[in-house]
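# Working through the structure, step by step
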Amino acid sequence: MERESRKLSVDIERKWIRVIVSHGKDEEILKLTLDEARSLKEQLNTTIEDYLQRQNIRID
């Protein structure tokens, strides 16, 4: 059985930032304004930093 892979694609579409999330045969397209894209970027950065910090916490 072939494993389905996930693919992310980001592009510019006129006045939108287009984000395409593909998973196998399924595809989700998000069209974000510049403000929405900036907000998403900030949220992703915060979440990634939090994730990396949690990886460094040692639980005994």
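Up top is the structure these notes are about.
Just so we're clear, the structure is a prediction, and the values are computed from it rather than from any experiment.

Attention shifts here to the sheet that holds strand E2 (residues 16-23). The 3 strands lie next to each other as E1-E2-E3, forming an open sheet whose pairing is antiparallel. With partners counted over all chains shown, the strands left at the sheet margins are strand E1 (6-13) and strand E3 (26-32), one partner each. For this sheet the average axis-to-axis angle between neighbouring strands, irrespective of direction, equals 15°. Of the strands in this sheet, E2 and E3 touch helix H1 (residues 34-56), which is tilted by about 115° from E3.

Here we take up the pattern of salt bridges. By the definition in use, this model includes 4 salt bridges. For Glu13, the salt bridge is made with Lys31, and the minimal N-O distance between the two is 2.9 Å. Placement of Glu13 in strand E1 and of Lys31 in strand E3 is noted, with a sequence separation of 18 residues between them. Salt bridges linked by common partners bring Asp11, Glu13, Arg18 and Lys31 together as one network.

Parameters at a glance
- Residues numbered from 1 in each chain as written.
- Predicted model: local features only at pLDDT ≥ 70, side-chain atom pairs only at ≥ 80, totals over all residues.
- Heavy atoms only, no water.
- Pairing = 2+ DSSP bridges.
- Helix = DSSP H or I, 4+ residues; strand = E, 2+ residues; numbered from the N terminus.
- Axes fitted to C-alpha atoms, helices over the stretch in contact; angles between N-to-C directions.
- Contact = heavy atoms within 4.5 Å.
- Salt bridge = Lys/Arg side-chain N within 4 Å of Asp/Glu carboxyl O.

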